[in-house]
Amino acid sequence: MEENNSKIFEASLDEVLHDSMIPYAEHVIMDRALPRVEDGLKPVQRRILYTMYEMGLTPDKPHRKCAKIVGDCLGKYHPHGDTSVYDALVRMAQPFNMRMPLVNGHGNFGTVDGDSAAAYRYTEARLEAISYELLRDIEKDTVNFSLNFDDSLLEPDTLPGRYPNLLVNGAYGIAVGLATNIPTHNLAEVIDGTVAYIDNPKIKLEGIMKHIKGPDFPTGGYVIASDELVTAYKTGKGKIKIRSRVNIERDGDKRALVISEIPFQVNKAALLKSISDLSETKDEQAAYINDVVDESDRNGMRAVVKLKKEADPQKVLNYLYKKTQLETTFGINMVAIANGKPQQMGLLDIISYYVNYQVKVILRRCKFDLDRAKERAHILEGLIIAVKNIDKVIKIIKTSENTAAAKQNLMSAFRLTEVQAQAILDLRLARLTKLETYKLEEELKELEKLI
């Protein structure tokens, strides 16, 4: 075959892996599947929340169509499929997936039975109050911004994250050669643990675990914690068991098992079907199951497993723990992006990274506020000079040929800066009263205190 007509390109596997696979793996790990330790968000989640913030969808404003939110996010920051954006938006609104939902959904956002959400043309959303804490002070130069995909806009690398969202809402993701599975935790416990670390940065894991006793899942249930939980919190890897909350109730002369909480990420409808299917088998304990009824309503979950008269409810329950998802194992694998690379981290590592990040955020916020206060105080000093010498100021302005000359003459007459002179030229006549002069002096005093 002649070289010119050849459509076959020969390359060694080393080159192909280096030029194609490694950049792909890096993109999936860094920019898609794993959360950042600072704000606990994946890029798609961060972009959705920032888009909603820019749209002004604050907790006190009306809901907006999800189609509009998804469209804005795609057009500005996330050039991927609309399904990926909408699925992430829906998950952030589901109280059975998020310990503290970040999006306030209006409409059908799916159920714990595995029903999917309605299409985005039907559903509406706005930010939850707690997600506003993730975004608070973002306009005060608290975080770094980078150019978006077409270099037309800036987007935040991380959000200020005023609470440890990575631990509160957990994370789940599969990258290339890496995966993460971080359990959810109680907000108050995590904040108490973080405060304990701030008070004593040399605190040991045992000290932190007095505050953060273990995971706290949105669907409830019992966490059966052994030494595995301590290992998981120490190394970032381990296993725990989650067991449903089941009460034994009397049903006339019979007994019934009433399920009110189930393990995290278990499909309730599939769980009840598996129990119903077991009752048709010839297993000794399964034969005692008479009926399975789902009595859940808007007040909460209530699934009833009705038993025959001669059944021993505790033995049937132990059998169901063994054979169904009434009891599951949760594999903890705490991997997140920290210092620009994926790292497996224990509980103390995550809190340490988070606290150091918050120190930077607060320093940047204070510097921003200080600079703005100094700028305003500088202008006020000029305005007070002008108001106290108003007759001379008016004479200078009236006798000047144009605005530029007036500015120059004011600067010379009162030793003002260009900014102060411009502020005097912009001053409205209504502000020349005695009351306004007093207000200017009071504002200057307050600013000096703040500075």
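So, here's what we can say about the structure. (Residues numbered from 1 in each chain as written. Predicted model: local features only at pLDDT ≥ 70, side-chain atom pairs only at ≥ 80, totals over all residues. Heavy atoms only, no water.)

### Quick word on unusual backbone geometry
Despite not being glycine, Asp 137 has its phi angle at roughly 70°, a positive value. Here Asp 137 lies in the loop between helix H5 (129–135) and strand S4 (145–147). Look at Asn 339: it is not a glycine, yet its phi comes out positive at around 55°. Along the chain, Asn 339 turns up in the loop between strand S15 (335–338) and strand S16 (341–344). In this structure Asn 339 comes out as exposed when scored by relative accessible area, which is 61%. (Helix = DSSP H or I, 4+ residues; strand = E, 2+ residues; numbered from the N terminus. Buried < 20%, exposed > 50% of the residue type's maximum accessible area, 1.4 Å probe, protein only.)

### Quick word on the packing of helix H12 (residues 347–388) against helix H15 (residues 418–425)
Remark: H12 packs on H15, axes separated minimally by 9 Å, with the N-to-C direction vectors making an angle of 55°. For the element pair H12 / H15, the angle class is oblique. Along this stretch, H12 crosses H15, giving a crossing that reads as right-handed. From H12, His 378, Ile 379, Glu 381, Gly 382, Leu 383 and Ala 386 reach across to H15, where they touch Val 419, Gln 420, Ala 423 and Ile 424. Of the residues contributing to the contact of H12 with H15, the split by class is six nonpolar, three polar and one charged. (Axes fitted to C-alpha atoms, helices over the stretch in contact; angles between N-to-C directions. Parallel < 35°, antiparallel > 145°, perpendicular 65-115°, else oblique. Left-handed = near helix turned anticlockwise from the far one by under 90°. Contact = heavy atoms within 4.5 Å. Nonpolar A, V, L, I, M, F, W, Y, C, P; charged D, E, K, R; others polar.)

### Concerning the sheet that holds strand S3 (residues 124–127)
Hydrogen bonds along the backbone pair up the strands of a sheet, which may run parallel or antiparallel. With antiparallel pairing, the three strands of this open sheet are ordered in space as S1-S3-S2. Since the sheet does not close on itself, it has two edges, and those belong to strand S1 (64–65) and strand S2 (103–106), each with one partner. Across two bridges, the pairing between S1 and S3 is antiparallel. The partner of Arg 64 across the bridge, within S3, is Ala 125. Sheet strands touched by helix H2 (residues 43–54): S2 and S3. Its angle to S3, the strand with the most contacts, is close to 85°. (Pairing = 2+ DSSP bridges.)

### Examining the sheet that holds strand S13 (residues 303–307)
Pairing is antiparallel in the open sheet, where four strands are placed in the order S10-S11-S13-S12. Taken across any chain shown, the strands that pair with only one partner, and hence form the sheet edges, are strand S10 (245–251) and strand S12 (289–294). Within this sheet the neighbouring strands show an average axis-to-axis angle of 20°, counted without direction. Two strands pair when backbone bridges link them, and S10 and strand S11 (residues 254–261) are joined in this way by seven bridges, in the antiparallel orientation.

### Quick look at the pairing of S16
With four bridges connecting them, S15 and S16 associate as antiparallel partners. Within the sheet, the bridge partner assigned to Ala 338 lies in S16 and is Lys 341.

### Observations regarding the environment of Ile 362
Locating Ile 362 in the fold gives a position in helix H12. For Ile 362, a relative accessible area of 32% translates into the label partly exposed. On a C-alpha basis, the gap between Ile 362 and Thr 51 in space is 23 Å, while along the polypeptide they are 311 residues apart.

### Some details on the environment of Leu 278
Within the secondary structure layout, Leu 278 lies in helix H10 (residues 268–278). The buried category is assigned to Leu 278, whose relative accessible area is 14%. Between the alpha carbons of Leu 278 and Thr 83 there is a distance of 36 Å; along the sequence they are 195 residues apart. Not counting the four nearest positions on each side in its chain, Leu 278 is found in contact with Ala 286, Tyr 319, Leu 320, Lys 323 and Thr 324.

### Section: the packing of aromatic side chains
Across all of its chains, the model carries eight aromatic pairs by this definition. Ring geometry for Phe 217 against Phe 264: centres 5.2 Å apart, planes inclined by 25°, an arrangement best described as stacked. Here Phe 264 lies in the loop between S11 and H10 and Phe 217 lies in the loop between helix H8 (205–208) and strand S8 (222–224), a separation of 47 residues in the sequence. Taken as a pair, Phe 217 and Phe 264 share a single burial class, namely buried. Taken together, a centroid distance of 6.4 Å and an interplanar angle of 40° make the contact between Phe 264 and Phe 330 tilted. One end of the pair, Phe 264, is in the loop between S11 and H10; the other, Phe 330, is in strand S14 (residues 327–333), with 66 residues separating them in the sequence. Accessibility classification places Phe 264 together with Phe 330 in one group, the buried group. Taken together, the ring pairs connect Tyr 50, Tyr 53, Tyr 77, Tyr 132 and Phe 145 into an aromatic cluster. Cation over ring: Arg 243 sits above Tyr 321, and NZ or CZ is 4.2 Å from the ring centre. (Phe/Tyr/Trp six-rings, centres within 6.5 Å; stacked < 30°, edge-to-face > 60°. Lys NZ or Arg CZ within 6 Å of the ring centre and 35° of its normal.)

### Some thoughts on a nonpolar patch on the surface
Together, Leu 13, Val 16, Leu 17, Met 21 and Tyr 24 line one region of the surface with nonpolar side chains, adding up to about 470 Å² of accessible area. If you trace the backbone, Tyr 24 turns up in helix H1 (residues 13–33). (Patch = residues over 30% accessible without salt bridge, like charges linked within 9 Å, V, L, I, M, F, W, Y side chains within 5 Å. Areas by Shrake-Rupley, 256 points an atom, 1.4 Å probe, with all protein chains shown as cover. Salt bridge = Lys/Arg side-chain N within 4 Å of Asp/Glu carboxyl O.)

### Observations regarding the packing of helix H13 (residues 390–399) against helix H14 (residues 403–414)
Where H13 contacts H14, the two axes come as close as 9 Å, and the packing angle between them is 145°. Here H13 and H14 pass one another in a crossing that is right-handed. Taken together, the residues of H14 that come into contact with H13 (itself represented by Lys 392, Val 393, Ile 396 and Ile 397) are Ala 406, Asn 409, Leu 410, Ala 413 and Phe 414. Here the residues of the contact of H13 with H14 sort into seven nonpolar, one polar and one charged.

### A word on the environment of Met 55
Within the element layout of this structure, Met 55 appears in the loop between H2 and S1. It is 54 Å that separates the C-alpha atoms of Met 55 and Arg 250, two residues lying 195 residues apart in sequence. With near-sequence residues (within four places) excluded, Met 55 lies in contact with Arg 64, Lys 68, Ile 69 and Asp 72.

### A few points about the side chain of Ser 400
For Ser 400, the location among the structural elements is in the loop between H13 and H14. By relative accessible area, Ser 400 is classed as buried at 13%. Within the structure, Ser 400 has its side chain in polar contact with the backbone oxygen of Ile 396 (distance 2.6 Å). A polar contact is formed between the side chain of Ser 400 and the side chain of Asn 409, at a distance of 3.0 Å. Ignoring anything within four residues of it in the chain, the contact list for Ser 400 reads Ala 405, Ala 406 and Asn 409. (Polar contact = N/O pair within 3.5 Å; in protein donor to acceptor, adjacent residues only side chain to side chain.)

Shape is all these values report; function is a separate question.
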